[in-house]
Amino acid sequence: MSAEGVTGEGIGARVRRKEDARHLMGRGRFVGDIRMPGLRDVAFLRSPVAHARITGVTKPAGQGAQVFVAQDAAGVGAIVTRSAIPGYKVSAYPPLATDKVRFVGDIVAMAVAPTRAEAEDLCEATLFDYEELPPIVDCTAGRAPGAALLHEAWKDNLFLETAFDSGGVDEVAATAPIKVEKRFKTARQCMHPMEGKGVLAYWDFQADQLVVVTSTQVPHLIRTGLSDCLGLDQGRVRVMQPDVGGGFGYKCLLQPEEVLVAWLALTYQAPFRWIEDRREHLTAGANARQHEYVITAYADARGRLLGLEAEISVDVGAYSVWPFTACLEAAQAGGNLPGPYVLPAYRCKTYSVATNKPPFAPYRGVARPGVCFAIELTIDAIAKAVGREAVEVRAENLVTAGAMPYTNITKKFYDSGDYPASLARARDMVDFAAVRARQAVPEPDGRQIGVGFATYTEQSAHGTKVFASWGIPMVPGYEQATLRLTPGGGVEVRAGVPTIGQGLETTLAQVASEILTLPLAKIKVVLGDTATTPYSTGAYASRGIVMAGGAVSKAAAKLAERVKAIAAHLMQCRPDEVRVADGQIHGVSASISFQDVARAWYLRPELLPEGVDTGGLEVTEGYKPEVDTGVFSYATHACVVAVDPRTGATEILDYVVVEDCGRMVNPMIVEGQAYGGVAQGIGTALFEESTYDDQGQPLASTLIDYLLPGPTELPKVRIAHTETLSPFSAHGIKGVGEGGAIAPAGAVVNAINDALRPQGAVLTEIPATPARVLAALRAATVGAAA
């Protein structure tokens with residue numbers, strides 16, 4: 001489909017992001033930047049206890065009309081997320097708690113005032129009485145016989161239990177020479193986009209619409225969800241996405257705050273706004289990553305995998321989020337645990353356990369950082385059991401390039417790639433042999449050196465078949481894009497997928513430029529407004545450039561054909577003699593501009609040919625890949641660490657990423673995604689943890705207690721690219737947004753364990769804090785003595 005463009009700005013060009021000009025100059029327009037006459041600020045009063053019945057409420061004297069509790073908001077429906085999966089239990093999530101609170105941070109009241117400070121004062125003056133109930137603070141407590149019930153209509157605390165069995169595991173277990181049993185834990189985390197949640201809503205009297213401006217990844221879905229909760233036809237709801245300071249999954253859900261602020265605007269037909277503060281974020285938003293694994297792996301004498309048994313428990317919090325449910329994480333964990341490896345037999349049970357914590361949300365990578373950590377540490381444990389180098393055992397277990405396309409044990413369809421080659425290149429880049437030589441000589445400072453690897457696959461842009469099998473309320477189909485040749489000879493691209501910092505304003509323009517050969521300066525991209533863009537289920541699952549990019553490519557090709565038909569008439573030649581190149585339309589002996597064609601259509605229709613396509617110079621096309629089960633990016637991460645056995649501190653000395661996301665639309669943006677993902681993954685590996693006490697109280701509600709990696713904690717990451725095109729997507733593109741965050745925990749902890757080999761210490765829980773490193777060393781000392 002590619003035209004003969006030589007603008008240097010099409011697919012593959014390392015061009016600067018169009019959106020950065022306004023962001024770097026402080027000219028972005030986020031929810032917090034919007035001002036309106038009569039705007040009032042909203043603050044929320046949140047439950048201070050994890051599990052309790054509400055027995056009474058006292059509003060501030062003389063100001064009760066500015067404070068709203070559940071009984072005052074009778075028109076607000078609960079957020080109810082249903083699933084067609086057998087055994088799934090429905091939880092009604094009231095935006096304002098009714099008779100019961102189920103986690104610290106559950107909203108019990110909202111206050112409205114001219115300023116946020118005044119609204120917070122009203123919240124402080126509103127008093128609730130609670131009858132506390134026993135809290136469920138982890139998966140073990142939630143699954144215990146006789147445990148208190150979060151939802152009284154249920155018989156237990158499981159949102160869902162699933163089982164997968166390929167067959168053959170029992171036979172393998174009876175004969176395999178190597179058996180490795182391991183338990184792994186990943187900590188609960190809080191996602192940290194630079195901008196937290198925020199929403200402003202008002203009534204548009206001219207359009208007779210409720211307008212909701214919200215920091216979201218899924219504006220069209222938010223419209224659908226608000227319509228359900230408020231009983232308002234979708235045609236009377238407009239959702240606009242302003243600039244968004246990151247999402248990572250935190251903003252791909254219908255938020256209770258969005259429902260409540262929208263209800264205020266609908267009820268009082270005036271503007272209202274709420275901006276999340278960081279303490280709210282750390283308490284009510286601690287909603288990701290917490291897994292527990294029990295794994296038994298079977299292998300032959302060389303370490304080749306023969307079978308795997310797993311039990312996975314996910315602490316999913318108190319409610320099921322809309323639209324992705326509380327069960328997406330466990331489903332993804334069970335399906336993705338085999339990773340990039342050949343696995344002949346597999347049996348897995350998953351448990352989505354309800355606890356008195358914030359509702360679980362899909363965070364960048366959705367379960368795969370946890371499963372990558374578990375399977376990569378398992379591979380290293382197998383290598384130790386057979387007495388071989390883990391990097392060699394890993395290589396022999398990976399799906400080979402010659403096997404592609406490859407359908408794995410859980411029916412994941414790997415479309416293309418060379419996984420062993422990525423591992424080999426990463427091994428070379430960290431100079432594995434030199435690291436082993438260095439380990440043979442004690443470090444002058446007493447630290448111990450280790451090297452670790454992790455390889456993963458990233459299923460991106462998975463579509464109808466995958467989501468339909470999950471039984472959730474939202475199933476993506478064809479992604480649409482509209483392209484219009486403007487009267488000035490430029491092109492306007494409109495797509496429903498929003499941008500959340502991943503550079504879509506630039507990359508979608510590059511796709512259009514690839515086909516039409518226009519410079520990026522002539523291409524304007526409009527995204528994420530339900531009133532002005534085609535329907536899209538949004539930005540998630542690394543789908544934006546694959547899906548919307550494919551739609552833009554298809555629409556651009558059709559627009560080019562219409563342009564050439566008019567241009568051929570103007571140049572007195574046949575359409576098949578016309579070509580688009582260098583931002584111009586060339587005929588046999590003449591060339592004209594896109595503006596010449598636009599002028600004929602818009603201003604001089606007498607110049608148009610007979611039988612011209614009456615669709616004009618505006619085209620809408622829908623797209624999904626030929627195989628809609630997803631296109632698979634992949635990478636190997638390798639790192640070298642120095643661990644101080646006296647303090648437990650870990651320093652990352654070298655970090656390498658060898659990634660393949662198919663055709664790179666903009667290599668600079670791809671690298672930015674990798675750098676950011678690795679930073680988040682290192683946070684998962686070494687720093688970030690939302691801890692709770694035995695009463696369900698969050699112990700990390702400030703950034704003093706919740707540690708984020710900063711510039712001094714992060715290494716200089718070295719990235720190498722390969723481009724194995726997908727045979728099933730437009731231009732061979734694959735998604736890349738989530739991958740960088742998947743592998744760091746596995747690579748870093750494998751490196752730490754490698755460093756601690758002399759003592760026999762092994763870490764199986766993240767983050768690998770100094771305290772956990774020292775505990776592993778003490779346990780190894782006790783074990784050796786015993």
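Rules used throughout
- Residues numbered from 1 in each chain as written.
- Predicted model: local features only at pLDDT ≥ 70, side-chain atom pairs only at ≥ 80, totals over all residues.
- Heavy atoms only, no water.
- Helix = DSSP H or I, 4+ residues; strand = E, 2+ residues; numbered from the N terminus.
- Buried < 20%, exposed > 50% of the residue type's maximum accessible area, 1.4 Å probe, protein only.
- Contact = heavy atoms within 4.5 Å.
- Areas by Shrake-Rupley, 256 points an atom, 1.4 Å probe, with all protein chains shown as cover.
- Lys, Arg positive; Asp, Glu negative; His and termini not counted.
- Charge placed at Lys NZ, Arg CZ, Asp CG, Glu CD.
- Core = buried A, V, L, I, M, F, W, Y, C linked by side-chain atoms within 4.5 Å.
- Pairing = 2+ DSSP bridges.
- Axes fitted to C-alpha atoms, helices over the stretch in contact; angles between N-to-C directions.
- Salt bridge = Lys/Arg side-chain N within 4 Å of Asp/Glu carboxyl O.
- Phe/Tyr/Trp six-rings, centres within 6.5 Å; stacked < 30°, edge-to-face > 60°.
- Lys NZ or Arg CZ within 6 Å of the ring centre and 35° of its normal.
- 1 Å grid on protein atoms, 1.4 Å probe; cavity = no way out; pocket = protein on both sides within 12 Å on 5 of 7 lines; lining within 4 Å.
- Points joined across faces, edges and corners; volume = space filled by probe spheres on them.
- Nonpolar A, V, L, I, M, F, W, Y, C, P; charged D, E, K, R; others polar.
- pLDDT = per-residue confidence, 0-100.
- Right-handed = clockwise from strand over helix to strand, strands pointing away.
- Parallel < 35°, antiparallel > 145°, perpendicular 65-115°, else oblique.

A. Inspection of the overall build of the chain at higher detail. Counting secondary structure elements, the chain contains 19 helices and 31 strands. Dimensions of the chain along its principal axes, counting C-alpha atoms only, are 95 × 75 × 50 Å. Counting over 786 residues, the chain shows a buried share of 62%. Long-range contacts, defined as pairs at least 24 residues apart, comprise 80% of the intrachain contacts of the chain with a sequence gap of at least 6. On the chain, roughly 28500 Å² of surface is accessible, and the fraction owed to carbon and sulfur atoms is 53%. Across the chain, 73 positive and 86 negative side-chain charges occur, with their mean positions spaced 2 Å apart.

B. Up close: the nonpolar core. Of all hydrophobic cores here, the largest spans 162 residues; its most connected members are Val42, Leu226, Tyr293, Phe324, Leu337, Tyr655 and Ile752. Ranked by residues supplied to this core, first place goes to helix H9 (residues 368-386) with eleven residues. If near-sequence neighbours (up to four positions away) are discounted, valine 42 is found in contact with Met110, Ala111, Val112, Arg116, Ala119, Val261, Leu264, Phe272, Arg273 and Trp274. One finds Ala461, Ile500, Ile566 and Val619 within the second-largest nonpolar core, a separate group that totals 58 residues.

C. Structural view of the sheet that holds strand S14 (residues 272-275). Spatially, seven strands are ordered S3-S7-S1-S14-S11-S12-S13 in an open sheet, and the strand pairing comes out mixed. A strand with exactly one partner marks an edge of an open sheet, and here the two such strands are strand S3 (67-68) and strand S13 (237-240). Where strand S12 (residues 209-214) lies against S13, four bridges are found, and the strand directions are parallel. Looking at the pairing, valine 213 lines up with methionine 240 of S13. The strands that helix H6 (residues 256-268) touches are strand S1 (40-46), S3, strand S7 (107-113), strand S11 (198-204), S12 and S14; relative to S11, the one it contacts most, it runs at about 25 degrees.

D. Region of interest: the pattern of salt bridges. Enumeration according to the criterion identifies 55 salt bridges in this entry. A salt bridge links glutamate 152 to lysine 100; the nearest nitrogen and oxygen atoms lie 2.4 Å apart. Remark: lysine 100 occurs in strand S6 (residues 100-101) and glutamate 152 occurs in the loop between helix H3 (139-143) and strand S9 (158-165); sequence separation between them is 52 residues. As a salt-bridge pair, glutamate 389 and arginine 436 come within 2.8 Å of each other at their nearest N and O atoms. Note that glutamate 389 is positioned in the loop between H9 and helix H10 (390-397) and arginine 436 in helix H12 (residues 432-439), a separation of 47 residues in sequence. Note on glutamate 389: relative accessible area 23%, which makes it partly exposed. It is possible to trace a salt-bridge network through shared partners that takes in Arg46, Arg116, Glu120, Lys197, Glu257, Asp277 and Glu280.

E. Summary view of the packing of aromatic side chains. Under the counting rule described, the total for this entry stands at 20 aromatic pairs. Measuring from centroid to centroid gives 6.1 Å for phenylalanine 128 and tyrosine 130, while their planes differ by 20 degrees, and the two rings are stacked. We classify phenylalanine 128 as buried; its relative accessible area is 15%. Considering the side-chain rings of tryptophan 154 and phenylalanine 159, the 4.8 Å spacing of their centres and the 80 degrees angle between planes classify their relative orientation as edge-to-face. By the burial criterion, tryptophan 154 is buried, and phenylalanine 159 matches it. Positioned above the aromatic ring of tyrosine 351, the side-chain terminus of arginine 143 is 3.6 Å from the ring centre.

F. Layout of the sheet that holds strand S25 (residues 584-586). Strand order in the open sheet formed by three strands is S24-S25-S26, with antiparallel pairing between adjacent strands. Every interior strand has two partners, whereas the edge strands, strand S24 (579-581) and strand S26 (591-593), have only one. Neighbouring strand axes in the sheet, compared pairwise and without regard to direction, differ in orientation by 30 degrees on average. When S25 meets S26, the two strands line up antiparallel, connected through three bridges. Directly across from isoleucine 585, in S26, lies its bridge partner isoleucine 592. Contacting S24, S25 and S26, helix H16 (residues 594-602) crosses the sheet at an angle of about 70 degrees to S26.

G. Spatial organisation of unusual backbone geometry. Put simply, tryptophan 322 and proline 323 share a cis peptide bond, and its omega is 10 degrees. One can find proline 323 in the loop between strand S16 (305-317) and helix H8 (328-336). Along the chain, isoleucine 766 connects to proline 767 via a cis peptide bond; the corresponding omega equals 5 degrees. Note on placement: proline 767 falls in the loop between strand S31 (765-766) and helix H19 (770-785). With a phi angle near 70 degrees, threonine 325 is a residue other than glycine that sits in the positive phi range. Note on placement: threonine 325 falls in the loop between S16 and H8. In this structure threonine 325 comes out as buried when scored by relative accessible area, which is 6%. Of note in the backbone geometry, alanine 367 takes a positive phi value of approximately 75 degrees without being a glycine.

H. Expanded view of empty space enclosed by the protein. Taken as a whole and assessed by the stated rule, the structure comprises six cavities of 30 Å³ or more. By volume, the largest cavity is sized at about 210 Å³. Lining of the largest cavity is provided by 20 residues; of these, Tyr93, Lys197, Gln255, Pro256 and Ala284 occupy positions nearest its centre. Its residues placed into classes, the lining of the largest cavity shows twelve nonpolar, four polar and four charged.

I. Here's a closer look at the side chain of glutamine 209. Tracing the backbone shows glutamine 209 in strand S12. Among the residues examined, glutamine 209 registers a relative accessible area of 15% and is labelled buried. Not counting residues up to four positions away in its chain, the partners in contact with glutamine 209 are Tyr202, Trp203, Asp204, Gly235, Arg236, Val237 and Arg238.

J. Focus on the confidence of the model for the chain. Residues at a pLDDT of 70 or more form 99% of the chain, whose mean pLDDT is 96. Low confidence marks residues 1-6, where pLDDT is under 50. Its contacts with residues over four positions away, or in another chain, come to 19 contacts.

K. Broad picture of the pairing of S1. Within S1, six of the seven residues are buried, which leaves the element mostly enclosed by the surrounding structure. One ladder, built from two bridges, connects S1 with S14; its direction is parallel. When the bridges of S14 are listed, arginine 40 appears paired with phenylalanine 272. By the bridge criterion, six bridges tie S1 to S7 in an arrangement that is antiparallel. Bridging from a neighbouring strand, arginine 46 pairs with isoleucine 107 of S7.

L. Expanded view of the pairing of strand S23 (residues 523-527). In terms of residue burial, S23 counts as a mostly covered element, since four of its five residues are buried. As paired elements, strand S22 (residues 491-495) and S23 share five bridges and run parallel to each other. Paired with valine 491 across the two strands is isoleucine 523, which belongs to S23. This β-α-β element, S22 to helix H14 (residues 504-516) to S23, shows right-handed connectivity.

M. Spotlight on the packing of helix H15 (residues 544-571) against H16. Put simply, H15 and H16 touch, their axes get as near as 10 Å, and they point 90 degrees apart. Viewed along their axes, H15 and H16 adopt a mutual orientation that is roughly perpendicular. Residues Val563, Ile566, Ala567 and Leu570 of H15 form the contact with H16, whose participating residues are Phe594, Asp596, Val597, Ala600 and Trp601. For the contact of H15 with H16, a count of residues per class yields eight nonpolar, no polar and one charged.

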